[in-house]
Amino acid sequence: GKIDKIDEMLSAPSPNFEELDQLVHQFKGSSASLGAQVLAQLCIRLRECCQVSNVQGCITLSQQLRQAYEQLHSKLALFMQLEAQ
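Note that the structure is a prediction, hence the values are computed from the model and not measured.

A. A look at unusual backbone geometry. Backbone geometry at serine 53 places phi at a positive 55 degrees, although glycine is not the residue there. With respect to the helices and strands, serine 53 occurs in the loop between helix H3 (37-51) and helix H4 (55-84).

What follows is the structure in structure tokens.
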């Protein structure tokens, strides 16, 4: 998914911050449209790091983004299970 692509781009010796910013912008839009405000806010901060080519900031925020995504995914899976009962 997009988070894996973000991680892959950040592991490059010289990340393409413009391309990374575009990808994060897409993820932010998707997150915001789903009401996932925590993810959207992390994307905003990650984009800010992209715009100043802050690799370490991007890596840190990417890790936080993955963690927040996984938490949301788990909550949604539980919600869907409960709704199916």
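Following the structure, the description resumes.
B. Highlighting the layout of surface pockets. In this model, the largest pocket occupies a volume close to 180 Å³. Listing elements by their share of the lining of the largest pocket, those giving two or more residues are helix H2 (17-33) and H4. With four residues, the top contributor of residues to the lining of the largest pocket is H4. In the lining of the largest pocket, the residues fall into seven nonpolar, three polar and no charged.

C. Representation of the packing of helix H1 (residues 2-10) against H4 within the structure. Packing of H1 against H4 leaves a shortest axis separation of 10 Å and a crossing angle of 160 degrees. When the axis of H1 is compared with that of H4, the two are roughly antiparallel. Pair H1 / H4 crosses with left-handed handedness. Side by side, H1 and H4 meet where Ile3, Asp4, Ile6, Asp7 and Leu10 of the first sit next to Cys58, Ile59, Ser62, Leu65, Arg66 and Tyr69 of the second. Residue composition of the contact of H1 with H4, by class: seven nonpolar, one polar and three charged.

D. Region of the structure containing H4. For H4, which comprises 30 residues, the first-to-last C-alpha distance of 43 Å matches the rise-based estimate of 44 Å (1.5 Å per residue) to within 8%. Of all the residues in H4, the buried ones are Gly57, Cys58, Leu61, Ser62, Leu65 and Ala68. Buried positions along H4 lie against H1, H2 and H3. A side-chain oxygen of the first residue of H4 lies 3.4 Å from the backbone nitrogen of glutamine 56; this N-cap is asparagine 54.

E. Region of the structure containing the side chain of serine 62. Among the secondary structure elements, serine 62 is positioned in helix H4. Those residues in contact with serine 62, other than ones at most four positions away along the chain, are Ile6, Asp7 and Leu10.

Rules of the game
- Residues numbered from 1 in each chain as written.
- Predicted model: local features only at pLDDT ≥ 70, side-chain atom pairs only at ≥ 80, totals over all residues.
- Heavy atoms only, no water.
- Helix = DSSP H or I, 4+ residues; strand = E, 2+ residues; numbered from the N terminus.
- 1 Å grid on protein atoms, 1.4 Å probe; cavity = no way out; pocket = protein on both sides within 12 Å on 5 of 7 lines; lining within 4 Å.
- Points joined across faces, edges and corners; volume = space filled by probe spheres on them.
- Nonpolar A, V, L, I, M, F, W, Y, C, P; charged D, E, K, R; others polar.
- Axes fitted to C-alpha atoms, helices over the stretch in contact; angles between N-to-C directions.
- Parallel < 35°, antiparallel > 145°, perpendicular 65-115°, else oblique.
- Left-handed = near helix turned anticlockwise from the far one by under 90°.
- Contact = heavy atoms within 4.5 Å.
- Expected span 1.5 Å × (residues − 1).
- Buried < 20%, exposed > 50% of the residue type's maximum accessible area, 1.4 Å probe, protein only.
- Polar contact = N/O pair within 3.5 Å; in protein donor to acceptor, adjacent residues only side chain to side chain.

Function cannot be inferred from these measures alone, as they are strictly geometric.
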